[in-house]
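For reference, the chains in residue letters:
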Amino acid sequence: MRGGRPPPRTAFCEYDPEGTMRFSKVITAFAAAALLPLSMSSHAVTQRTLCVFDILGTSGDTYNIMRDYAAAARTQGYDINLRVYTDEGIAAEDLKAGQCDAAGITGVRGRQFNTYTGSMDSIGSIPNYDIMKTVIQVLSSNNPRIVEHMRTNTYEVFGVLPMGAAYLFVKDKSINNVSALAGKSIAVLEYDVTQGKMAASVGMTPVMSDITNFAGRFNNHSVDICFAPAFAYKGLELYKGMEPNGGIVDYVLGQLSFQIIARHSRFDEEFANWSRNYVFENLFDRAMRLVSGADADIEDKWWIRISDPDRQRYDEMMRDARVAMTEEGLFSKDMMSLLRNIRCRHDASRAECSDRRELDW
């Protein structure tokens, strides 16, 4: 009808392109709104904080390894915020205070949270890197008999990495055997009573220090000896303390470790198992490349080679000290037994393999 009102349209009988398009948009928007909660839940992550000790801060290798760990953790539903500390003591205190859901610290510092894994760093207990790898592999296996030791009260160990073998750095090459240690001063970490006890047991004078000043005391010759991993040679410039007549005693006094220690209530059990496995399978080799690089940085001229009889004396001295300190409760008996078994599995000819002192507690 020209000039008049068009007849009314019925919704189901006539096609209205614009109306259909509007209806389609409404349906699409409704569907998207309905699916949004489902989509968000499938990508939801739990926020947690991991406090990382790295003496070099965000430029350090340890921090960068933990960045990869945090990225991988996101696939398991955890968005982990990294907070770096150049003072390990503060990182440990913040873990205690609940400011950190987990912390990456050395095994020596971590012993207060878990004596079992903290006893890995005990003197003379892991003489080489092959044994270190086996130990960490066992700890990462999620075997129920091992897992029960990984959790103690509030805390649980989520992973262990190697930090390298530790040696005696000396300012004079004449300090080349056990007898020569008597009367010498040594910088020891004040929060690790086992270092002081070990030093005193062979007649050395322990000088209480911390991670920030032990190298300086050695480098300015305030102490005769310091106990440190290979990376400290270059990283903390320990070659200055060895100049001009010093060196490094070629005997592994222990292996240092880096451990992720968490407040277990802040994570689920599946994540704890995943974490231990991931750290070993994906980060161990990377950490070992850093350790090997640090070992290679040491010039051959610094090594003080010791005789086989002196090596045996060191072995006996280390074993006697470990047994005594374990009986005092400073080391875990279960870990001492595990380490003894692994050492003897690698080398059954070791004298201790016919000695059950670290088995029959």
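Quick look at the structure, then. Worth saying up front: this structure is predicted, and the values here are computed from it rather than measured.

## Considering the overall build of the protein chain
- The secondary structure content of the protein chain amounts to 14 helices and ten strands.
- For the protein chain, the residues scored as buried account for 49% of the 361 residues in total.
- For the protein chain, long-range pairs separated by at least 24 residues make up 74% of all intrachain contacts whose partners lie at least 6 apart in sequence.

## Re the packing of helix α6 (residues 129–139) against helix α12 (residues 269–297)
- It is at 10 Å that the axes of α6 and α12 come closest, and there the two elements cross at 160°. Accordingly, the angle class assigned to the pair α6 and α12 is roughly antiparallel. Crossing of α6 over α12 shows right-handed handedness. Two secondary-structure elements touch here, α6 through Tyr 129, Lys 133, Ile 136, Gln 137 and Leu 139 and α12 through Arg 276, Phe 280, Phe 284, Asp 285, Met 288, Val 291 and Asp 295.

## Observations concerning the pairing of strand β7 (residues 205–209)
- Pairing geometry for strand β6 (residues 185–189) and β7, over five bridges, is parallel. Paired with Ala 187 across the two strands is Val 207, which belongs to β7.
- Read from β6 through helix α8 (residues 193–201) to β7, the crossover connection turns out right-handed.

## Some remarks on unusual backbone geometry
- The residue after Glu 243, namely Pro 244, is reached through a cis peptide bond having omega 0°.
- Along the chain, Pro 244 turns up in the loop between α11 (239–242) and β9 (247–263).
- Even without a glycine there, the phi angle at Asn 153 is positive, about 55°.
- One non-glycine residue, Glu 237, lies in the positive phi region at around 60°.
- Here Glu 237 is to be found in the loop between α10 (231–235) and α11.

## Overview of the nonpolar core
- Counting residues in each nonpolar core, the largest one holds 88 residues, and the members touching the most others are Met 66, Tyr 69, Leu 139, Leu 168 and Tyr 314.
- When residues in this core are grouped by element, the largest group, eleven residues, is from α12.
- Setting aside chain neighbours within four positions, we find Met 66 in contact with Leu 50, Val 52, Leu 82, Leu 161, Phe 258, Ile 260 and Leu 283.
- By size, the runner-up hydrophobic cluster in this structure holds 20 residues, among which are Tyr 167, Val 223, Ile 248 and Trp 302.

## Digging into the side chain of Asp 224
- Checked against the element boundaries, Asp 224 lands in the loop between α9 (214–219) and β8 (225–229).
- Only 3.0 Å separates the side chain of Asp 224 from the side chain of Lys 171, close enough to count as a polar contact.
- Side-chain polar atoms of Asp 224 contact the backbone nitrogen of Ser 185, separated by 2.9 Å.
- Beyond its immediate chain neighbours, meaning those up to four positions away, Asp 224 contacts Phe 169, Val 170, Lys 171, Ile 175, Lys 184, Ser 185 and Phe 218.

## Structural notes on the packing of helix α2 (residues 61–73) against α12
- Running from N to C, α2 and α12 cross one another at 145°; their axes reach a closest spacing of 11 Å. The handedness of the crossing between α2 and α12 comes out as right-handed. Together, Asp 61, Asn 64, Ile 65, Met 66, Asp 68, Tyr 69, Ala 72 and Ala 73 of α2 and Phe 271, Trp 274, Ser 275, Tyr 278, Val 279, Leu 283, Arg 286, Ala 287 and Leu 290 of α12 make up the contact between the two elements.
- Looking at the contact of α2 with α12, its residues break down into twelve nonpolar, two polar and three charged.

What counts as what
- Residues numbered from 1 in each chain as written.
- Predicted model: local features only at pLDDT ≥ 70, side-chain atom pairs only at ≥ 80, totals over all residues.
- Heavy atoms only, no water.
- Helix = DSSP H or I, 4+ residues; strand = E, 2+ residues; numbered from the N terminus.
- Buried < 20%, exposed > 50% of the residue type's maximum accessible area, 1.4 Å probe, protein only.
- Contact = heavy atoms within 4.5 Å.
- Axes fitted to C-alpha atoms, helices over the stretch in contact; angles between N-to-C directions.
- Parallel < 35°, antiparallel > 145°, perpendicular 65-115°, else oblique.
- Left-handed = near helix turned anticlockwise from the far one by under 90°.
- Pairing = 2+ DSSP bridges.
- Right-handed = clockwise from strand over helix to strand, strands pointing away.
- Core = buried A, V, L, I, M, F, W, Y, C linked by side-chain atoms within 4.5 Å.
- Polar contact = N/O pair within 3.5 Å; in protein donor to acceptor, adjacent residues only side chain to side chain.
- Nonpolar A, V, L, I, M, F, W, Y, C, P; charged D, E, K, R; others polar.

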